[in-house]
Amino acid sequence: MPKINGNEIRPGNVLEHNGGLWAAVKVDHVKPGKGGAFAQVEMRNLRNGSKLNERFRSADKVERVRLEQKDQQFLYETDGMLVFMDNETFEQIELPADILGDRRPFLQDGMTIQIEYYESEALNATLPQKVTCKIVETEPVVKGQTAANSFKPAVLDNGVRIMVPPFVGQDEDIVVNTETMEYSERA
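Residues numbered from 1 in each chain as written. Predicted model: local features only at pLDDT ≥ 70, side-chain atom pairs only at ≥ 80, totals over all residues. Heavy atoms only, no water.

(A) Representation of the overall build of the chain in the model. Along the backbone of the chain there are zero helices and 16 strands. Over its C-alpha atoms the chain spans a radius of gyration of 21 Å, topping by over 25% the 16 Å that the globule rule assigns to 187 residues. Each of the three principal axes of the chain carries a C-alpha extent, and together these read 65 × 50 × 25 Å. Relative to all contacts within the chain whose residues are 6 or more apart in sequence, the contacts with residues 24 or more apart total 43%. Taken as two groups, the 22 positive and 30 negative side-chain charges of the chain have centres that lie 11 Å from each other. (Helix = DSSP H or I, 4+ residues; strand = E, 2+ residues; numbered from the N terminus. Rg over C-alpha atoms; globule rule 2.2 N^0.38 Å. Contact = heavy atoms within 4.5 Å. Lys, Arg positive; Asp, Glu negative; His and termini not counted. Charge placed at Lys NZ, Arg CZ, Asp CG, Glu CD.)

(B) Local environment of unusual backbone geometry. Residue Asn18 is not a glycine yet carries a positive backbone phi of 50°. Within the secondary structure layout, Asn18 lies in the loop between β2 (14-17) and β3 (20-30). Of note in this structure, Met181 is not a glycine but carries a positive phi near 55°. With a relative accessible area of 23%, Met181 lands in the partly exposed category. (Buried < 20%, exposed > 50% of the residue type's maximum accessible area, 1.4 Å probe, protein only.)

(C) Just the pattern of salt bridges, in detail. Within the structure shown, the criterion is met by nine salt bridges. Between Glu121 and Arg47 there is a salt bridge; the shortest N-O distance is 3.0 Å. One end of the pair, Glu121, is in strand β11 (residues 121-126); the other, Arg47, is in the loop between β4 (38-45) and β5 (51-57), and 74 residues separate them in sequence. For Glu121, a relative accessible area of 31% corresponds to the partly exposed category. (Salt bridge = Lys/Arg side-chain N within 4 Å of Asp/Glu carboxyl O.)

(D) Quick look at the environment of Met43. The topology assignment puts Met43 in strand β4. In this structure, the C-alpha to C-alpha distance between Met43 and Ala23, residues 20 residues apart in sequence, is 5.4 Å. With near-sequence residues (within four places) excluded, Met43 lies in contact with Leu15, His17, Trp22, Ala23, Ala24, Val25, Ser50, Lys51, Leu52, Glu54 and Phe56.

In short, shape yes, function no, at least from these values alone.
Have a look at this one:
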């Protein structure tokens, strides 16, 4: 694994530090008036989700870890575990449902998601950026209500509440951005 200097750490890098795997969430480069410059790095543990703030001088060396990314298809959920299938080897694996966090409702049957592996351990799962959902409940469309950039609440078929533009009606398919959990466009 490559070692990098402390000032080369970027957000999104995965580091091996203190015997754990950490993802750099936020990096601030600080140059105090007295003393050497350093990088103040906010990190999140990939195994248990705990956070850590650490200072790295430019002379410090840290292990950068490369995660293997695989596309896997979601099959079904059983007892709080999500079952995925590798599209190439057809192997099935089970991951805890909380690996997706608050984006779990957007996971649909047959959806292909990206799972990041370190050696043979699954650490992270990423949904596609855009997902199509159906609106099951919203206020009726009101003509002429386009003066202000206003949004109205809507409930999707997966139970998630989001804000949609006033021209979107009930039983319409819309595209939702899974990163921001906001309306993107009509489907």
